[in-house]
Amino acid sequence: EFWGASSEVEVLYLSNEGFTGVPGATVIDLSPEFGSMVDPAKESTKHGSGHCTKMEAILKYLARHRSGKRWYVVTDDDTLVNMQRLLEVLDSHDDSKSVYIGDRYGWNHGEDYQGTNYITTGGGMALSGPALATLVACKSCTCRTPDSPDDMTL
């Protein structure tokens with residue numbers, strides 16, 4: 001049985017297909033609402049291997065259907081989470097402000113120029129409710145292509 005069924009927090013599997021193979025798991029099929037944004041054929045192409053529009057769909061789903069939460073934590077299905085420690089870390093931050101937490105990466109930094117700093121989504125990320133609302137409302141925060149790197153785009 002799925003551990004999330006007895007968790008003190010809501011645990012969802014957001015997928016591009018429905019499945020019932022894990023007893024106790026809440027699985028949300030994003031494809032009826034988001035269609036091509038979550039099409040697995042568009043995630044990995046000759047131009048890239050990201051899944052930007054899938055992440056965009058996940059965040060929009062959370063904002064539309066799970067609004068009002070203090071925190072939103074997004075991880076891959078193979079990410080291990082120490083739930084007690086995660087909740088302690090989140091409680092140490094002010095969730096009334098726009099807060100975006102995760103493993104910081106940098107790309108294309110040089111001695112004479114600043115590159116791009118971003119939170120890598122591979123290790124998971126946490127967004128406060130206001131941060132999620134700001135991100136979803138942002139008109140210029142969109143994926144260039146469906147397979148763009150989601151973390152660098154965010």
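Residues numbered from 1 in each chain as written. Predicted model: local features only at pLDDT ≥ 70, side-chain atom pairs only at ≥ 80, totals over all residues. Heavy atoms only, no water.

Asker: So what about the overall build of the protein chain? Which residues, and what values?
Answerer: Along the backbone of the protein chain there are five helices and five strands. Reading the helices (α) and strands (β) of the protein chain from amino to carboxyl end gives β-β-α-α-β-α-β-β-α-α. Compactness check: the protein chain gives a C-alpha radius of gyration of 16 Å against a globular reference of 15 Å for 154 residues, within 12% of the reference. Per-residue burial over the protein chain gives 30% buried out of 154 residues. Residue pairs in contact within the protein chain that sit at least 24 positions apart in sequence constitute 57% of those at least 6 positions apart. Per element, the accessible surface of the protein chain, about 9,500 Å² overall, is 49% carbon and sulfur. (Helix = DSSP H or I, 4+ residues; strand = E, 2+ residues; numbered from the N terminus. Rg over C-alpha atoms; globule rule 2.2 N^0.38 Å. Buried < 20%, exposed > 50% of the residue type's maximum accessible area, 1.4 Å probe, protein only. Contact = heavy atoms within 4.5 Å. Areas by Shrake-Rupley, 256 points an atom, 1.4 Å probe, with all protein chains shown as cover.)

Asker: Go over helix α4 (residues 129-137) with me, naming the residues and quoting the values.
Answerer: Residues of α4 that are buried include every one of Gly-129, Ala-131, Leu-132 and Leu-135, and no others. End-on, the buried residues of α4 take up no more than an arc of 160 degrees, which puts them together on one face. Against the buried residues of α4 lie α2 (52-65), β3 (71-74) and β5 (116-128). (Arc of directions from axis to C-beta.)

Asker: Report on the state of the cysteines, specifying residues and quantitative values.
Answerer: Two cysteines form a disulfide when their sulfur atoms are joined by a covalent bond. Summed over the entire model, instances satisfying the criterion amount to two disulfides. Between Cys-52 and Cys-143 runs a disulfide, and the two sulfur atoms are separated by 2.1 Å. Measuring handedness by torsion sign, the sulfur bridge of Cys-52 and Cys-143 sits at about -85 degrees and is left-handed. Of this pair, Cys-52 sits in helix α2 while Cys-143 is found in the loop between α4 and α5 (150-153), placing the two residues 91 residues apart along the sequence. Cys-143 shares its class with Cys-52; the two are buried. Put simply, Cys-138 and Cys-141 are joined by a disulfide, and their sulfur atoms are 2.1 Å apart. One quick way to see it: the torsion about the S-S bond of Cys-138 and Cys-141 is about 75 degrees, and its sign makes the bridge right-handed. When its relative accessible area of 23% is taken as the criterion, Cys-138 is described as partly exposed. Taking relative accessible area as the criterion, Cys-141 reaches 30% and is therefore assigned partly exposed. When the cysteines of the protein chain that form disulfides are numbered from the N-terminus onward, they connect as 1-4, 2-3. (Disulfide = S-S within 2.5 Å.)

Asker: Quick rundown of the packing of aromatic side chains? Include the residues and the values.
Answerer: If you walk through the whole model with that rule in mind, you get two aromatic pairs. Here Tyr-105 and Tyr-118 contribute two aromatic rings whose centre-to-centre distance is 6.0 Å and whose plane-to-plane angle is 45 degrees, an arrangement assigned as tilted. Highlighted residues: Tyr-105 in strand β4 (residues 100-107) and Tyr-118 in strand β5, separated in sequence by 13 residues. For Tyr-105, a relative accessible area of 40% gives the class partly exposed. Judged by relative accessible area, Tyr-118 falls into the buried class, the value being 13%. (Phe/Tyr/Trp six-rings, centres within 6.5 Å; stacked < 30°, edge-to-face > 60°.)

Read these as layout, nothing more, since geometry by itself doesn't imply function.
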